[in-house]
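Coordinates in review
Listed here are the chains, written in short residue letters.
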Amino acid sequence: MQNIQSIADGIFYVGASDRRLAKFENLFPIPRGVSYNSYVIVDDKTALMDTADASVGGQFLENVAAALAGRGLDYLVIDHMEPDHAAMVEAVLLRWPGARLVCNAKTVPMLRMYFPGNDAAIASALVVKEGDSLSLGRHTLSFVMAPMVHWPEVMMSFESATGTLFSADAFGTFGALDGAIFADEVAFPTRWLDDARRYYANIVGKYGVQVQGVLKKAAGLPIRTIAPLHGPIWRQDLEWFIGKYDLWSRCEPEEKAVTVLYGSMYGNTASAANALAARIAAQGVKVAVHDLSCVDNSEAVAECWRAAVIVLAAPTYNGGIYLPAGELLDDLKALGLHDRVFALVESGSWAPMSGKLMAAKIGELKNCTVLDQKVTVRGRLTAAQDAELDACARAVAAAL
Ligand code: FEO
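Residues numbered from 1 in each chain as written. Predicted model: local features only at pLDDT ≥ 70, side-chain atom pairs only at ≥ 80, totals over all residues. Heavy atoms only, no water.

1. Concerning the packing of helix α12 (residues 323–335) against helix α13 (residues 354–362)
The description of two helices packed together rests on the angle between their axes and the distance between the axes. Closest axis-to-axis distance for the α12/α13 pair is 10 Å, and the angle between their directions is 10°. Relative to α13, the element α12 lies roughly parallel. The hand of the α12/α13 crossing is left-handed. Between α12, through Gly 326, Leu 329 and Asp 330, and α13, the contact on the second element is made entirely by Met 358, Lys 361 and Ile 362. (Axes fitted to C-alpha atoms, helices over the stretch in contact; angles between N-to-C directions. Helix = DSSP H or I, 4+ residues; strand = E, 2+ residues; numbered from the N terminus. Parallel < 35°, antiparallel > 145°, perpendicular 65-115°, else oblique. Left-handed = near helix turned anticlockwise from the far one by under 90°. Contact = heavy atoms within 4.5 Å.)

2. A short note on the sheet that holds strand β12 (residues 133–135)
Read across the open sheet, the 5 strands follow the order β12-β13-β14-β15-β16; overall the sheet is mixed. The open sheet terminates on both sides in strands that have one partner only, identified here as β12 and β16 (225–227). Shown here is a sheet whose adjacent strand axes are inclined to one another by a mean of 20°, direction ignored. In terms of strand pairing, strand β14 (residues 155–159) meets strand β15 (residues 164–166) through 3 bridges, oriented antiparallel. (Pairing = 2+ DSSP bridges.)

3. What about a nonpolar patch on the surface?
Taken together, the side chains of Met 265, Tyr 266, Tyr 317 and Leu 323 present a nonpolar region at the surface, about 460 Å² in accessible area. Assignment of secondary structure puts Met 265 in the loop between β17 (257–262) and α10 (268–281). By relative accessible area, which is 36% here, Met 265 ends up partly exposed. (Patch = residues over 30% accessible without salt bridge, like charges linked within 9 Å, V, L, I, M, F, W, Y side chains within 5 Å. Areas by Shrake-Rupley, 256 points an atom, 1.4 Å probe, with all protein chains shown as cover. Salt bridge = Lys/Arg side-chain N within 4 Å of Asp/Glu carboxyl O. Buried < 20%, exposed > 50% of the residue type's maximum accessible area, 1.4 Å probe, protein only.)

4. Structural notes on the side chain of Arg 340
Structurally, Arg 340 is set in the loop between α12 and β21 (341–348). Although Arg 340 is buried, it makes no salt bridge; Asp 339 carries the closest opposite charge, 6.4 Å away. Engagement of the side chain of Arg 340 in a polar contact is seen with the backbone oxygen of Cys 251, the distance being 2.7 Å. From its side chain, Arg 340 meets the backbone oxygen of Ala 307 in a polar contact 2.8 Å long. (Lys, Arg positive; Asp, Glu negative; His and termini not counted. Polar contact = N/O pair within 3.5 Å; in protein donor to acceptor, adjacent residues only side chain to side chain.)

5. Here's the deal with the environment of Glu 254
By the element assignment, Glu 254 lies in the loop between α9 (238–250) and β17. Of the polar contacts made by the side chain of Glu 254, one reaches the side chain of Trp 248; its length is 2.7 Å.

6. Considering helix α4 (residues 107–114)
Side chains of residues three or four places apart in an α-helix project in the same direction, reflecting 3.6 residues per turn. Buried residues of α4: Thr 107, Val 108, Met 110 and Leu 111, and no others. For α4, the arc enclosing every buried residue in end-on projection is 165°, short of the 170-degree limit, so these residues lie on one face. Looking at the buried side of α4, the elements it contacts are α3 (89–95), β10 (100–104), α5 (119–123) and β11 (126–128). (Arc of directions from axis to C-beta.)

7. Re the state of the cysteines
With the rule as written, the count across this model stands at 0 disulfides. No disulfide involves Cys 304; its sulfur sits 9.2 Å from that of Cys 368, the nearest cysteine. Judged by relative accessible area, Cys 304 falls into the buried class, the value being 0%. (Disulfide = S-S within 2.5 Å.)

8. Focus: the pattern of salt bridges
Think of it this way: side chains of opposite charge can pair up when their charged atoms draw near. Tallied over the full model, the rule gives 22 salt bridges. A salt bridge links Lys 374 to Glu 346; its shortest N-O distance comes to 3.4 Å. With Lys 374 in the loop between β22 (369–370) and β23 (375–378) and Glu 346 in strand β21, this pair connects stretches of sequence that are 28 residues apart. Looking at Lys 374, the relative accessible area reads 32%, which means it is partly exposed. Salt bridges sharing common partners tie together Asp 194, Arg 197, Lys 244 and Glu 254.

9. Description of the environment of Ser 349
Note that Ser 349 resides in the loop between β21 and α13. The exposure class of Ser 349 is exposed, given its relative accessible area of 60%. Counting along the chain gives 34 residues from Ser 349 to Pro 315, while the straight-line C-alpha distance between them is 9.0 Å.

10. Let's talk about the pairing of β17
Of all 6 residues that make up β17, 6 are buried, and the element is covered over most of its length. Residues Ala 257, Thr 259 and Leu 261 of β17 are buried on one face, and the alternating residues Val 258, Val 260 and Tyr 262, pointing to the opposite face, are buried as well. Once you follow β17 into α10 and on to strand β18 (residues 286–291), the crossover reads as right-handed. Where β17 meets strand β19 (residues 309–317), 5 bridges bridge the pair, whose relative direction is parallel. Considered in β19, the bridge of Val 258 is made with Val 309. (Right-handed = clockwise from strand over helix to strand, strands pointing away.)

11. A look at the domain arrangement of the protein chain
Looking at the assigned domains, one finds that the protein chain contains domain 1 (5–249) and domain 2 (255–398). Just the C-alpha atoms count here: the centres of domain 1 and domain 2 sit 38 Å apart. Counting from both sides, the interface comprises 11 residues of domain 1 and, opposite them, 10 residues of domain 2. At the boundary of domain 1 with domain 2, total buried surface from both sides reaches about 900 Å², with 59% on carbon and sulfur atoms. The interface formed by domain 1 and domain 2 holds 0 salt bridges in total. At the junction of domain 1 and domain 2, the tally comes to 4 residue pairs in polar contact (both at pLDDT 80 or more). (Domains from an automatic or database assignment. Buried area = accessible area lost by both parts, 1.4 Å probe.)

Here is the structure:
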């Protein structure tokens, strides 16, 4: 059954949601599913804005056909080549062979890689560059290059008659769309923000500088609607969400808060982490506590983007760092987390080393510091260490 919705005059949502996929990119758990957004513009000319993942390909093609209502497809605009959006390019060209591809110069070699049997269509593509425009009738698309948000070929398309920015992966979020497709219909701040942050930090987080560049370009556009490739569409409170992106892409803490992330084999490091969290909370500070063996690494990464101070607690393991904590630090380096304060809790029964090793990894993160007030747990924390805990808690609160 077709499932299309109007998002602006002459523009239809033709995407679909997948609730069966366990992990996005086969890495990130998505218990709430994910949507692959795509849009059709109907005017004197018709245009399809990106395609979809193959997992929803049948529904997607049905939706496109419904939006076109018997018309042909004149243009297939490719803002992003990653297969979660471009998997159906060949299928679209087979079904609407008259469609002309619209892309930029960096997209062309990728089209040849992924669709080697479509030489003619690729050779006749309309290759656009920054500022070029394409008139469809009342609607006019202009193109904004957005390299590395999140692949090098990414561009955004701005439709001036409706003020619609097709923003590619930017402003996207994990989560299937439950009928309603607009952010103002889905209680976004309470039900979606955590997944939006997790999506940003893990998928786009490494490219904060490039996101900042695109935000500056977007600031000059009269945007009324933001239509991303994943998650809800924005037609209200755009400034609120753009503000989140501004913070996230500058890697500025979203909240004056502390996140406590601990690994613990037998509960002793957990006990110390919880005791420290209680003392931090007693200072009037907002604290969240997570067991790194129970949350996915992507959630821990998102917490590091949200909070200003990160308490990392981990046992010594094989002379190194307990794996989930070590892997988190490696990922934070790969994603380029910067400008955070860390407090450390280390533990070990004969040679506690994890604190020193975690500090060394944190030293590789730009503008990140480690508080001197480290807590060391030998076996289990004792009442004799109250002063040590209190000093760490006070230092954490003072670092906010
Ligand atoms: Fe949703 Fe970079 O693809």
